[in-house]
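# Residue-level structure breakdown
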Number of protein chains: 2
Amino acid sequence: MKKQVSIKDVAREAGVSPATVSYILNDTPGLSFTPETRQKVMDAVEKLHYVANQAAKTLGSSRAEGIVQSKLIGIVIPQTENKRKESHIMFENPFYGTFLSAVELEIRKAGYHLILSGTNPGQSYIDIVKSRTLDGVIILGAYPSGDVAEYKEYKIPAVLVDCYGSDNSFFYSVRTDDRLGGYLATKHLIEKGHRNIAIVTGELKENGVNSERYQGYLDALKEAGIRPMKKNLFEGYVDYRYGGEVARSLAKDRRGITAIFATADITAVGVINGLNQAGISVPEDISIVGFDDVEYAQMCYPGLTTIRQNIMEKGRQAARLMIEAAQNHRLPRVERMIPMELVERGTVKEVYVD
Amino acid sequence: MKKQVSIKDVAREAGVSPATVSYILNDTPGLSFTPETRQKVMDAVEKLHYVANQAAKTLGSSRAEGIVQSKLIGIVIPQTENKRKESHIMFENPFYGTFLSAVELEIRKAGYHLILSGTNPGQSYIDIVKSRTLDGVIILGAYPSGDVAEYKEYKIPAVLVDCYGSDNSFFYSVRTDDRLGGYLATKHLIEKGHRNIAIVTGELKENGVNSERYQGYLDALKEAGIRPMKKNLFEGYVDYRYGGEVARSLAKDRRGITAIFATADITAVGVINGLNQAGISVPEDISIVGFDDVEYAQMCYPGLTTIRQNIMEKGRQAARLMIEAAQNHRLPRVERMIPMELVERGTVKEVYVD
């Protein structure tokens, strides 16, 4: 690799000291220089194509202020659950791609960069945070509470997205009102005359979004005087394949179910496709409401009726809070809620009950 | 942030010199130590939870060897084409998410990390490469030739994925035989009796995959003695929305077209949905073949007949070549081809011509 231009080269070219170059480039507070000096330095920077070396900067500021500023932010995205072998970051659900794309742009606009990394089995993300001296971490979804405790111990700014842990009081947090969303989805089906409504969901973990959405489902049933039935709860995975499994199970035994609330669009699409393959039509035979409003939801035909959360906005808010936290090294309790709404498309049919 | 454990702390704990700790942790060639010394150091590392600071390592090795090893790899993914304002990394096409997920795992397994960054308007990716002292860059899709020339000038290892530039002789390259793919897709439609076959594609840029796939389309027509017609070429964007536009245009004026080759699945899905909305049925009224075999292709109903390229394998190969290049600092011409095949699902109908 070609030798990099150093701050000393710039100083020599400009005829000033390296310290002066550093002060001017870093806009060091409390120091002022003549416009001529400033111009000489900027001319030299341009002439030599000087680009500040972030690795050097990190150590420099670390030494000078006792604070590490790598301008690197980490992002933690759930991985496939293949614990014995290697596991991939989950991009099957388009939610993550859209979220990541919004985060990357905001991070970049603020002059930071994003490290995208999963963790190997048995490895803690804290290792990456330390070895890269990350300025902060954005964490999506439920996460081992031990890890979150470590962020707290090491005072690492973290923004938790879609987490419901009790430790949240220490961190920034971005989420939607998932319980309300589950309620709205189910209420819509009830208003269209359905009473035998199944729910298809990922694992109902404590403090996870699925549990919240399930609670909302129960709220709506209770309000309508409908007794929840165990046979109507399909608890499995948030993925396309599980949706298909549920559909095949329903094709064998419909159990009187006329409508389904799927707690994620990706699962809903799996259910719809599986039902279609079994000759069961949506919405003619079974109605379905999803959650997320991923791009899929508009792409399938008929379009999916779903709970729209603004995923781009969620990403933007998470990134902005992250940068605020990284720059100010303070960690007040901030919780930002992303609004959401029901979007009616073509997968719910009105039924008339006797 | 809590003070980090330094190599000196480890040395003190182990009762050896900091140099010894460094040599042992870095497996410095040509030096050997007793098993006891080695054990003492490893025990101290474990006891103190020492994690090597990559920023310090980068500068250390840079000074010692004149070679920068940040263990950071950059990945360049096409961005939305909003040149005046800000532009997002394109994740609408699920190809990118799948590819990224495969790259990340391979990079991680090799002890590297991945920086995911777009570029601001007017900014060159080279700035990021230099400021982060990246060990290499994986570039997806066609890229401004000026940038590629800069990689060459600065001897930055780069793996070009799906690029057809002449400068490729200098770089590692991973791709599929796109021309053959276009040929196979079109030939399949011809074999099913179609002769009036449209092609829906992104911009036909020189050295781009779309141009190659278009050439394959022309090859198949020529072989069958079918004259290509200008009215059958729909050249626009590789996205869902453009597929819908083409569908609406066909709904107004079918032009005798009975089959479509879409050069990307995401566009094919847009066409199918658009035709459905206009009351035109696939494959009863119009047959369609896509390209990529993204997860969508299996999720839609009927499943999309398409040219399957193994996207995961493409990502793995790109990452492995990248690491090889970064570690060896050599840049031989290596080109790796990912095989591909036609996958028949439900979107092509056989027709009988008089």
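As a starting point, this report considers the structure included with it. (Residues numbered from 1 in each chain as written. Chains lettered and ligands numbered in written order. Predicted model: local features only at pLDDT ≥ 70, side-chain atom pairs only at ≥ 80, totals over all residues. Heavy atoms only, no water.)

### Let's talk about the overall build of chain A
When its secondary structure is counted, chain A shows 13 helices and twelve strands. Per-residue burial for chain A yields a buried fraction of 53% across its 354 residues. Residue pairs in contact within chain A that sit at least 24 positions apart in sequence constitute 69% of those at least 6 positions apart. When the accessible surface of chain A is totalled, it reaches about 15,500 Å², and 49% of it is carbon and sulfur. (Helix = DSSP H or I, 4+ residues; strand = E, 2+ residues; numbered from the N terminus. Buried < 20%, exposed > 50% of the residue type's maximum accessible area, 1.4 Å probe, protein only. Contact = heavy atoms within 4.5 Å. Areas by Shrake-Rupley, 256 points an atom, 1.4 Å probe, with all protein chains shown as cover.)

### Thoughts on the side chain of B:Ser211
On the secondary structure map, B:Ser211 appears in helix α9 (residues 209-223). Setting aside anything within four residues of it in sequence, one finds B:Ser211 in contact with B:Leu204, B:Lys205 and B:Glu206.

### Some remarks on the nonpolar core
Counting residues in each nonpolar core, the largest one holds 72 residues, and the members touching the most others are A:Phe99, A:Leu100, A:Ile138, B:Phe99, B:Leu100 and B:Ile138. Once residues lying within four places of it in the same chain are set aside, the contact partners of A:Ile138 are A:Ile73, A:Gly74, A:Ile75, A:Val76, A:Phe99, A:Val103, A:Val159, A:Val161, A:Ala318, A:Ala319 and A:Met322. Counting residues in each nonpolar core, the second largest holds 38 residues, with A:Ile115, A:Ile128, A:Val148 and B:Val148 among its members. (Core = buried A, V, L, I, M, F, W, Y, C linked by side-chain atoms within 4.5 Å.)

### Describing the environment of B:Phe234
All names here are of chain B. Turning to its location among the elements, Phe234 is positioned in strand β7 (residues 233-236). For Phe234, a relative accessible area of 9% corresponds to the buried category. Placed 40 residues apart in sequence, Phe234 and His194 show a C-alpha to C-alpha distance of 18 Å.

### Regarding the side chain of B:Thr20
All names here are of chain B. You can see Thr20 is positioned in helix α2 (residues 18-26). A polar side-chain atom of Thr20 sits 2.9 Å from a polar atom in the side chain of Ser17. When neighbours within four sequence positions are excluded, Thr20 is seen to be in contact with Phe33 and Thr37. (Polar contact = N/O pair within 3.5 Å; in protein donor to acceptor, adjacent residues only side chain to side chain.)

### Here we look at the packing of helix α10 (residues 240-252) of chain A against helix α11 (residues 265-277) of chain A
All names here are of chain A. Close contact between α10 and α11 brings their axes to 7 Å; oriented N to C, the two are set at 40°. Relative to α11, the element α10 is oriented oblique. For the pair α10 and α11, the sense of crossing is right-handed. Along its contact with α10, which presents Tyr240, Tyr242, Gly243, Gly244, Ala247 and Leu250, the element α11 presents Ile266, Thr267, Val269, Gly270, Val271, Asn273, Gly274 and Leu275. (Axes fitted to C-alpha atoms, helices over the stretch in contact; angles between N-to-C directions. Parallel < 35°, antiparallel > 145°, perpendicular 65-115°, else oblique. Left-handed = near helix turned anticlockwise from the far one by under 90°.)

### Some points on the environment of A:Leu140
All names here are of chain A. For Leu140, the position within the fold is in strand β3 (residues 136-140). Between the C-alpha atoms of Leu140 and Ala326, which are 186 residues apart in sequence, the distance is 18 Å. Sequence-distant contacts of Leu140, defined by excluding residues within four places in its chain, comprise Val76, Pro78, Phe95, Tyr96, Phe99 and Val161.

### Considerations on the environment of A:Gly256
By the element assignment, A:Gly256 lies in the loop between α10 and β8 (259-262). For the pair A:Gly256 and A:Lys152, spaced 104 residues apart in sequence, the C-alpha separation works out to 49 Å.

### Comments concerning the packing of helix α5 (residues 94-109) of chain A against helix α13 (residues 311-328) of chain A
Residue and element names in this part refer to chain A. At a minimum axis distance of 8 Å, the contact between α5 and α13 shows a crossing angle of 40°. If you check the angle between α5 and α13, you find them oblique. Classified by chirality, the crossing of α13 by α5 is right-handed. Every residue of α13 that contacts α5 at Phe95, Thr98, Phe99, Ser101, Ala102, Val103, Glu106 and Ile107 is listed here: Ile311, Met312, Lys314, Gly315, Arg316, Ala318, Ala319, Arg320 and Ile323.

### Things to note about the sheet that holds strand β11 (residues 334-337) of chain A
Ordered by their spatial adjacency, twelve strands build an open sheet running β11(A)-β5(A)-β4(A)-β3(A)-β1(A)-β2(A)-β2(B)-β1(B)-β3(B)-β4(B)-β5(B)-β11(B), and the pairing between neighbours is mixed. Of all strands in the sheet, those bounded by a partner on one side alone are β11 of chain A together with β11 (334-337) of chain B. Each neighbouring strand pair of the sheet contributes to a mean axis angle of 20°, computed without reference to strand direction. In this sheet, β3(A) lies alongside strand β1 (residues 72-76) of chain A in parallel orientation, the contact comprising four bridges. Counterpart to A:Ile75 in the pairing with β3(A) is A:Ile138. The strands that α5(A) touches are β1, β2 (113-116), β3 and β4 (158-161) of chain A together with β2 (113-116) of chain B; relative to β2(A), the one it contacts most, it runs at about 150°. The strands that helix α13 (residues 311-328) of chain B touches are β1 (72-76), β3 (136-140), β4 (158-161), β5 (172-175) and β11 of chain B; relative to β5(B), the one it contacts most, it runs at about 175°. (Pairing = 2+ DSSP bridges.)

### With respect to the sheet that holds strand β6 (residues 197-202) of chain A
All names here are of chain A. Spatial ordering of the open sheet is given by β7-β6-β8-β9-β10-β12, a layout of six strands whose pairing is mixed. The two strands at the open ends of the sheet, each matched to only one other strand, are β7 (233-236) and β12 (340-343). Strand-to-strand twist in this sheet, taken as the mean axis angle between neighbours without regard to direction, amounts to 15°. By the bridge criterion, four bridges tie strand β9 (residues 287-292) to strand β10 (residues 305-309) in an arrangement that is parallel. By the bridge assignment for β10, Phe291 is matched with Ile307.

### Structural notes on the packing of aromatic side chains
Counted according to the given criterion, the structure contains nine aromatic pairs over all chains. Relative to B:Phe99, the ring of B:Phe95 has its centre 6.1 Å away and its plane inclined at 15°; by these criteria the two rings are stacked. Here B:Phe99 and B:Phe95 lie together in helix α5 (residues 94-109), a separation of four residues that amounts to about one turn. Each member of the pair, B:Phe95 as well as B:Phe99, is classed as buried. Here the aromatic cluster, defined as three or more aromatic residues joined through ring pairs, consists of A:Phe95, A:Tyr96 and A:Phe99. It is B:Arg213 that lies over the ring of B:Phe291; its NZ or CZ is 3.6 Å from the centre. (Phe/Tyr/Trp six-rings, centres within 6.5 Å; stacked < 30°, edge-to-face > 60°. Lys NZ or Arg CZ within 6 Å of the ring centre and 35° of its normal.)

### Overview of the pattern of salt bridges
Residue and element names in this part refer to chain A. Scanning the entire structure with this criterion turns up 28 salt bridges over all chains. The closest approach of N and O atoms between Arg12 and Asp9, which form a salt bridge, is 3.5 Å. Here Arg12 and its partner Asp9 are both found in helix α1 (residues 7-14), three residues apart, which amounts to about one turn of the helix. Across the salt bridge formed by Lys314 and Asp162, the nearest N and O atoms sit 2.6 Å from each other. (Salt bridge = Lys/Arg side-chain N within 4 Å of Asp/Glu carboxyl O.)

### A few points about helix α10 (residues 240-252) of chain B
Taking 1.5 Å per residue as the helical rise, α10(B) with its 13 residues ought to reach 18 Å, and the 19 Å between its terminal C-alpha atoms agrees with that figure. Listing the buried residues of α10(B) in full gives B:Tyr240, B:Tyr242, B:Gly243, B:Gly244, B:Val246, B:Ala247 and B:Leu250. Packing partners of the buried residues in α10(B) comprise α12 (295-299) of chain A together with β6 (197-202), β7, β8 (259-262) and α11 (265-277) of chain B. (Expected span 1.5 Å × (residues − 1).)

### Notes on unusual backbone geometry
The bulk of non-glycine residues show a negative phi, and the bulk of peptide bonds are trans. Of note, the amide linkage connecting A:Val282 to A:Pro283 takes the cis form, showing an omega dihedral of 5°. Even without glycine at this site, A:Asp292 takes up a positive phi of about 130°. Not every positive phi belongs to a glycine, and B:Thr133 is a case in point at roughly 40°. Looking at the secondary structure, you find B:Thr133 in the loop between α6 (125-131) and β3.

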